[in-house]
Amino acid sequence: MATFEAQVEGLTSISIDGSSAPTQTELTQFLTDGAKEIINVLPPNLVDLCSSSQSFTSGTADTLNTGKVLRVFRSDGDIKQPCRKVDAMQKGRFSDSEDMNYATVTDPVYYIENNSLDVLPVGGSATYSEVQYPTVSYTHEAISVFPDEAEYLVPLYAAVKSLQNAMGNKTSDLPTDLSIVASPPVAPSSPSFNTGAISISSSAPSYVKTPLSIGAAPTISDLSIAAVPPDVPTITASTVSFSTTAPSYSSPTTTISGTIWATAYPDEYSAINTALAAITTEIGLAKGEVAEIVTQTDNSSTFNTALTAMATELNKVDNVIVEASTEFDEAKNLSAAYNSGQIATALDAIQANVDLANGIIDAPPSSPVAPSLTSVTFTSIDSALDASSPVYATATIGSSSTYTGSAPTFTKPVVSPDFSQVNTYIDTDEDVELAQAKLQEINAQLSEYSANIQSEQAEFNKENVLYQSAIQESMQELQTANQVNLAKAQSDLQISIGNKDRDQQRQLQNGVNDMQAIVQNNNNLMSKYSAEVTEYQAKLGEMTQRAQGYLNTAQGYSNEVQSYAAAGQTFISTGSAYIQEAQSYIAQANGYAQEVSARGGFTTAKSQAVQGFIQTAQNYANEVQALLSQTPSKVSEYQAKLQDALNKFNDDNAEYQAQLQISIQNAQLEDAEESKKLQKYSAELQQYQAEVSAEVQEYQQNLQGDVQVWQIERQTDLQKHSSDIQDELNEFNKEQAIYQNELQEKIQEANNQQTKDSSEYGADLQKYSNELQSYQAQINKEVQEFTNNIQKHTANYQWLDSQYQTLSADYQRGLQMLISGGMMPQQQGK
C-alpha cells in the first residue's frame, strides 16, 4: 500500500520533500491533525475503534489523555461493576459511609477533576476506556486504532492543507515590482523663427491726391404755390330722437286660475271622470243582468230580439263612453301641458319679447362724429443746397503684422503603476483575487499610457500644421494689404462725386410728399366718416328689424295660447257630443228593457234591476253634461280678454313704429345734407391738388434745366480731375512696383530661412518620434514580461485553488457520510 506522502502527492500533484511547500514535517502535522478532527466527529459505533483500556487503583486518580472517556469499571472482587459518573463537587458525599449517597463496591461512581479520573469507593482495581489520538507520519501506510472506513479521509485532509500551504507560498514566487529600465527620449527644441527677418531699407511709396475744382452750382429759387386750398366744411352729426314711449303688453286676468279647462271646475272635472267611470260600471251591471235573463227565459223570437237589441244598445253605450273618455283625456293632457308651464311660458314670452323690443328702440346707436380735416399747405424747398465737392482721403499702404504665436511642444504623458500594492495583497493579505484585480488595473494604466503617447503625438502634429499655416497666412496678408487700400480709395472718390445731385432732388421730393400725405390723410378721414354714417344707418335699420322680430315672436306666442284654447274647446265639445250620443243609446236600451220586462213576467225583478242600472247611467250622463256646460262660457270669456289685450298692444305698437320710422327718416335726411358738404369739399380738394401738382411740375422742369447745365459743367471738371488722378496713380503704381519687388525679395529670403529651420526641426522631431516609439516598445516589452510572469503565477494559483476546492468538497462529503453512517444527508430543499 502507498504511503500517505505518495497519496497526498497523487491528489495534489505537489512533489513533497524536506524543503518543499509543504515540507515532510508539515505533512506529518497535517495527517495527525486530520486524524484528530475525524475522531472528534465519529459516530458512537466507530469511536470504540479509536479507544484503549487504562488501569489504575481507585483513590489514586489517573491522568487523562483526551478527555473522551467511554466506559469506567471497578472490580468488587468477583466482577467488574460499571461506574456511574457524578459531579466532582459531590465526591465527599459519595465517599462518606454515613451519607445516603455513599458509593459501594456494587454501585461505584467516577468523577473527572483537573484532567484526572478517579473512582469511589477507593482501594479497588479500576479500568476505563479512553479515545486516543494517533500520531500519523508521512511514511505510514495505515493508522492503528482507527476505523478503516474513515482512514481515506486523513490523506484527503492533508492534501487540502498542503494546497493551502502551496497557495500561501506563491507570494514568494511573484516577480518584483515593475521597474522601467528604458529612458524616455528628450524632445527637440522648437526652432526660433526670426519674425523680424524682413527688413526693407526703402519706404513704401505714398499717393498724393489731386485737388478737385468744380464750378459753382446754379442759384435755385424757392418753390411758391399760387393755388389756394379749399375751406374744410363743418360737419354736424344727427341723431334719432322722439318722445313717444314704446308700448308694453299687459296680460288679461281671468277667474280661471291655473289651467283653462281642468281648473275651471276643479271639483267638477274629477266628478266628470268619476261619472264616466260610473256609467261604464252601471252599463256593465245591466249587461250582466241581461245575460242572466237570457238563461232564465224562453226562446221566443220576439223576446230574444228584444234582449239582443238591448244588449246591442248597451254595447254602443260602452263604446261611446270609451271615446268620450279618450276626448276628455286629450283635454286633460292639454291641461297638464298648461300646468307644466307651457302656456304660462308662452304668456311670459310675449311680455319678455315686448320688453326686448322696447329696450332696443330706447337705446339707439351713437351717431358718428364728423372728422377734423387739415388744411393743405405746400412747403417750399430750401435753395441753399449743399454744392461742396466730395472729400477724398488718400489711402496709406503699410506692412502687415507677422504671426506672433509660438511653435508647438510635445508633452510626454506620465504613468505610475502601483506594483507594491500587488505584493501587499499577495504577501501580507494572501488575497489573490485582489492581487489579480490590481494587476488588471495596472494593465489598464499601461494601455492608457500607450494611448496617451499616441494622442500627444497626434496633437503635436496637428498644432505644427496650424503653426505652419499661420505663418503662410501672415505673409499672404502682407502682400494683399496695399491692393485693398488702393481699391477702397478709388471707390470713395466715385461715391462722393454723385452726392450733390441726390441732395437737391431729395429736398424737392420731400416737399411734394408732405403735401400728398396731407391730402391723403383728409381723404382717409372723409372716407372713414362716410363709412361711419353708413354703419350708423345700417344699425338703425338693424335695430328696427330686431324690434319687429321680437314683436313678431310675441305675436307667435299669442297665437300659441289661442291654439291651446281652441284645442281644449274642441276636445270638450267632442266629449259633450259623445255624452249626448250615449244618452240616446241609454234611452233606447231602457226602452228595450221595458219590453223585455213586459214579455217575461217571471223575470220582472231582473228587468227592473237592468232598468235601474240603465237609469243610474242616465243620471251620471246628465251630470256630466251639466258640468260640461259650464266650461265653454269661461273659456270664451278668457279668450275675448286675451284678444282685446293683444289688439291694444298691436295698435300701440303700430303707432310707435310709425313715429320711429319718421324720426329715422329725418335723421337720414339730415345726414344726406352733411354728405353733400363732404362731397363738395372732396371735389374742391381734388382740384386744389391738381393745381399744386401742375405748379410743382413746372418748377421741376425749370429746375431740371438749370441742374442739367450745371451737371455738364461739373462733368467736364470731373473728367479733368479724373485724368489728373490717373496720372498721379500711374506714378504711384511705378513706385509701388519697385517697392513690391524689393519686398518680395525680402519675403523670399525669410521664407527660405523659415523653410530651412522648419526642415531641421521636422528632422529632429522625426528622430524624436522614432526614439519615442523605440522607448514605447521597450516599455511594452518590459510590461509584457512582467504581465506574463504574473499571469503564469496566477494560473498556477488558480489551478491550486480549483484543486483545493475539489478536494475540500470531497473531504466534506466523506465526513458527512461517515457521520451519517454511510448515508449522504439530504440537501436542503430536496
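Positions within a chain are numbered from 1, following the residues in the order the chain's sequence is written. Totals for whole chains, interfaces and linings use every residue, but because this is a predicted model, local features are given only for residues with pLDDT of at least 70 and side-chain atom pairs only at 80 or more, for both listing and counting. Note: side-chain values were computed over all heavy atoms of the structure, leaving out hydrogens and water.

Undergrad: I would appreciate a short explanation of the overall build of the protein chain in the present structure.
TA: Along its length, the protein chain carries 13 helices and 8 strands. Relative accessibility decides the category of a residue: with a 1.4 Å probe and only protein chains considered, values under 20% of the type maximum give buried, values over 50% give exposed, and everything between is partly exposed. When burial is assessed residue by residue, the protein chain has 38% of its 830 residues classed as buried. In this analysis, two residues are considered to be in contact whenever any of their non-hydrogen atoms come within 4.5 Å of each other. For the protein chain, restricting intrachain contacts to residue pairs at least 6 apart in sequence, the fraction spanning at least 24 positions comes to 87%. A 1.4 Å probe and the Shrake-Rupley method give the accessible areas. Residues count as covered only by the protein chains that appear here. Per element, the accessible surface of the protein chain, about 44600 Å² overall, is 48% carbon and sulfur. A helix here means a DSSP run of H or I that spans at least four residues, while a strand means a run of E at least two residues long, and both kinds are numbered starting from the N terminus.

Undergrad: Sorry if this is basic, but what is going on with the nonpolar core here?
TA: Soluble, globular proteins show a tendency: their nonpolar side chains are buried together. What makes a nonpolar core is a set of buried Ala, Val, Leu, Ile, Met, Phe, Trp, Tyr and Cys residues whose side-chain atoms join them at distances within 4.5 Å. One finds Ile38, Leu42 and Phe146 to be the most contacted residues of the largest nonpolar core, which totals 36 residues. A per-element tally of this core places helix α6 (residues 153–168) first, with 10 residues. Apart from the residues lying within four places of it in its own chain, the contact partners of Phe146 are Ala35, Ile38, Ile39, Leu49, Cys50, Glu151 and Val154. Core analysis: the next-biggest nonpolar cluster, separate from the first, contains 27 residues, Ile272, Val317, Phe328 and Ala621 among them.

Undergrad: How should I be thinking about the pattern of salt bridges in this particular structure?
TA: Any two side chains of opposite charge can pair if their charged atoms end up close together. Take a side-chain nitrogen of Lys or Arg and a carboxyl oxygen of Asp or Glu: if they are within 4 Å of each other, that pair is a salt bridge. Counted according to the given criterion, the structure contains 10 salt bridges. Between Lys720 and Asp724 there is a salt bridge, and its shortest N-O distance comes to 3.5 Å. Placement of the pair is Lys720 and Asp724 together in helix α13 (residues 604–819), with a separation of 4 residues, close to one helical turn. Its relative accessible area of 57% is what places Lys720 among the exposed residues.

Undergrad: Just to check I follow, could you spell out unusual backbone geometry for this structure?
TA: In terms of backbone geometry, most residues other than glycine have negative phi values and most peptide bonds are trans. Omega for the bond connecting Ala21 with Pro22 falls within 30 degrees of zero, at 5 degrees, which places this linkage in the cis form. As for its placement among the helices and strands, Pro22 is situated in the loop between α1 (4–12) and α2 (24–41). The peptide bond linking Leu120 to Pro121 adopts the cis configuration, its omega dihedral lying at 0 degrees. Relative to the helices and strands, Pro121 resides in the loop between β7 (116–120) and β8 (125–131). Notably, Asn114 is not glycine yet its phi reads approximately 55 degrees, a positive angle. Position of Asn114 among the secondary structure elements: in the loop between β6 (109–113) and β7. The class for Asn114 is exposed, based on a relative accessible area of 70%. The phi angle at Val145 is positive, at roughly 50 degrees, despite the residue not being glycine.

Undergrad: Teacher, can you tell me more about α1 here?
TA: For an α-helix, 3.6 residues make a turn, and residues three or four places apart therefore share a direction. What α1 keeps buried is the set Phe4, Glu5, Val8 and Thr12. Down the axis, α1 shows its buried residues gathered within 100 degrees of arc, on one side only. Just past α1, the residue Ser13 takes up positive phi, approximately 60 degrees. Directions from the helix axis toward the C-beta atoms define the arc.

Undergrad: Where do I start with the sheet that holds strand β2 (residues 62–63) in this structure?
TA: Hydrogen bonds between backbone groups are what pair the strands of a sheet, and the pairing can be parallel or antiparallel. If you walk across this open sheet you meet the 4 strands as β2-β7-β6-β5, and the pairing is mixed. Of all the strands in the sheet, the pair left with one neighbour each is β2 and β5 (84–85). One requirement defines pairing of two strands: DSSP has to find at least two bridges between them. Where β2 lies against β7, 2 bridges are found, and the strand directions are antiparallel. Across the sheet, the residue bridging to Asp62 is Leu117, located in β7.

Undergrad: In this structure, what is going on with the pairing of β6? I would like to understand it.
TA: Remember that side chains alternate between the two faces of the sheet whenever the strand is regular. Inspection of the sheet shows β5 paired to β6 by 2 bridges, in the parallel sense. Of the residues in β6, the one forming a bridge with Lys85 is Tyr110. Alignment of β6 against β7, held across 5 bridges, turns out to be antiparallel. The residue of β7 that forms the bridge with Ile112 is Leu117.

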